[in-house]
Amino acid sequence: MVRRTREDWTAAALAALAEGGLAAVAVEPLAARAGATKGSVYWHFPTRDALVEATLLRWEHEHTEAVIAHAEQGATPVERLHRLISAVVRPERGVDVELALQSSLGDPLVAAAVARVGSRRMDYVVTLFTQLGFTRAQARRRAATAYSIYLGQAQLQRANPAVVPRTPAAKRAYVADVMLILLAQPDGDG
């Protein structure tokens, strides 16, 4: 029998979350799917909540911290914003986890993680816009617009994938349009 690590179990839980929502992150079905015993899961996580918490931390790292680290490779704030937008509008990114978490905000562990991630994402994008010369108020509005575009794109990918750009050229054009919207100069309301 293959020994599974904490990382194996959080990867399996993340996949289950994407496929079936928070309810799918259950020890017995995860173990059965992996061809393992429940004891293998409980060896690493004393409770389901501990597994969920570790899975949420993995999601936070992979879908926020790693994306920000990727964006930070840009030399200028415009390049960083472009790298960020390009990274988050890819259909293959696994938006099903994001949407499953958004629909599970009644769970306190999920609500806390989504709030923490939302704050981190917003703070990062606000920083980019202030580096671009926008006032703090303008930067917050732009960041909220950028985050709304991301969440809307995620919802479209699930509900109506035919309208989401699929080809590399269509994706580039879409990112260019998003950048134009986000970088448009304000009308002076500060």
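Here the residue numbering is sequential within each chain, running from 1 through the sequence in written order. For this predicted model, a pLDDT threshold of at least 70 governs which residues receive local features, and a threshold of 80 or more governs which side-chain atom pairs are given and counted, while totals over whole chains, interfaces and linings are taken from all residues. Working from all heavy atoms in the structure, the side-chain values ignore hydrogens and water.

## Re the pattern of salt bridges
Each reported salt bridge corresponds to a side-chain nitrogen of Lys or Arg within 4 Å of a carboxyl oxygen of Asp or Glu. The final tally for this structure, using the stated rule, is eight salt bridges. Here Glu 98 and Arg 121 are joined by a salt bridge, their closest N and O atoms 3.1 Å apart. Placement of the pair is Glu 98 in helix α6 (residues 95–102) and Arg 121 in helix α7 (residues 108–131), with a sequence separation of 23 residues. Glu 98 sits in the buried class, given a relative accessible area of 2%. Given a relative accessible area of 12%, Arg 121 falls into the buried group. Helix and strand definitions here come from DSSP, where helices need a minimum of 4 consecutive H or I residues and strands a minimum of 2 consecutive E residues; each element is numbered from the N-terminal end. For every residue, the accessible area (1.4 Å probe, protein chains only) is compared with the maximum for its type, and the residue is labelled buried under 20%, exposed over 50%, or partly exposed between those bounds.

## Comments concerning the packing of α6 against helix α8 (residues 136–159)
Viewed as axis vectors pointing N to C, α6 and α8 meet at an angle of 105 degrees, and their least axial separation amounts to 9 Å. Taken together, the axes of α6 and α8 are roughly perpendicular relative to one another. On α8, the residues touching Val 95, Asp 96, Glu 98, Leu 99, Ala 100 and Gln 102 of α6 are Tyr 147, Tyr 150, Leu 151, Ala 154, Gln 155, Gln 157 and Arg 158. Per-class residue counts for the contact of α6 with α8 are seven nonpolar, three polar and three charged. In this description, a line fitted to the C-alpha atoms serves as the axis of each element, helices being fitted only across the stretch in contact, and the angle between N-to-C directions of two axes falls anywhere from 0 to 180 degrees. Any angle that falls under 35 degrees is termed roughly parallel, while one over 145 is termed roughly antiparallel, one within 65 to 115 roughly perpendicular, and all others oblique. Whether two residues are in contact is decided by their heavy atoms: any pair within 4.5 Å suffices. All residues other than Ala, Val, Leu, Ile, Met, Phe, Trp, Tyr, Cys, Pro, Asp, Glu, Lys and Arg, Gly among them, are scored as polar; the first ten of these are nonpolar and the last four charged.

## Overview of the packing of aromatic side chains
Pairing of aromatic rings covers Phe, Tyr and Trp, the last through its six-membered ring, and needs centres within 6.5 Å; plane angles under 30 degrees mean stacked, over 60 mean edge-to-face, and all others mean tilted. All told, the structure shown has two aromatic pairs when counted by the stated rule. When the ring of Phe 129 is compared with that of Phe 134, the centres are 5.7 Å apart and the planes differ by 80 degrees; the resulting orientation is edge-to-face. Here Phe 129 falls in the buried class, since its relative accessible area comes to 0%.

## Here's the deal with α7
The terminal C-alpha atoms of α7 lie 34 Å apart, and with 24 residues this matches the ideal 34 Å at 1.5 Å per residue to within 8%. Those residues of α7 that sit buried are Val 110, Ala 113, Val 114, Val 117, Gly 118, Arg 121, Met 122, Tyr 124, Val 125, Val 126, Leu 128 and Phe 129. Against α4 (48–71), α5 (77–88), α6, α8 and α9 (168–183) lie the buried residues of α7. Throughout this description, a polar contact denotes any pair of N or O atoms lying within 3.5 Å of each other; where both atoms belong to protein, one of them has to be capable of donating a hydrogen while the other can accept it, and for residues adjacent in sequence the pair is counted only when both atoms sit in side chains. At the N-terminal boundary of α7, the capping side chain belongs to Asp 107, with an oxygen 2.9 Å from the backbone nitrogen of Leu 109. Looking one or two residues beyond α7, the residue adopting positive phi is Gly 133, at roughly 100 degrees. One fewer than the residue count of a helix, multiplied by 1.5 Å, yields its expected span.

## Overview of the environment of Asp 49
You can see Asp 49 is positioned in helix α4. By relative accessible area, which is 42% here, Asp 49 ends up partly exposed. Taking the C-alpha atoms as reference, Asp 49 lies 30 Å from Ala 159; in sequence the two are 110 residues apart.

## What about the environment of Gly 20?
Among the secondary structure elements, Gly 20 is positioned in helix α1 (residues 6–20). Judged by relative accessible area, which is 44%, Gly 20 ranks as partly exposed. On a C-alpha basis, the gap between Gly 20 and Leu 57 in space is 19 Å, while along the polypeptide they are 37 residues apart.

## Regarding α1
For α1, which comprises 15 residues, the first-to-last C-alpha distance of 21 Å matches the rise-based estimate of 21 Å (1.5 Å per residue) to within 8%. Of all the positions in α1, only Trp 9, Thr 10, Ala 13, Leu 14, Ala 16 and Leu 17 are classed as buried. Projection of α1 onto a plane perpendicular to its axis shows the buried side chains occupying an angular sector of 165 degrees, all on one side. Turned more than 90 degrees off the buried face of α1, the exposed positions are Glu 7 and Glu 19. Buried residues along α1 sit against α2 (27–34), α3 (38–44), α4 and α6. To be clear, the arc concerns the directions from the helix axis to the C-beta atoms.

## Structural notes on the side chain of Arg 142
Summarising the element assignment, Arg 142 is placed in helix α8. Beyond its immediate chain neighbours, meaning those up to four positions away, Arg 142 contacts Phe 129, Phe 134, Ile 181, Leu 182, Leu 183, Ala 184, Gln 185 and Pro 186.

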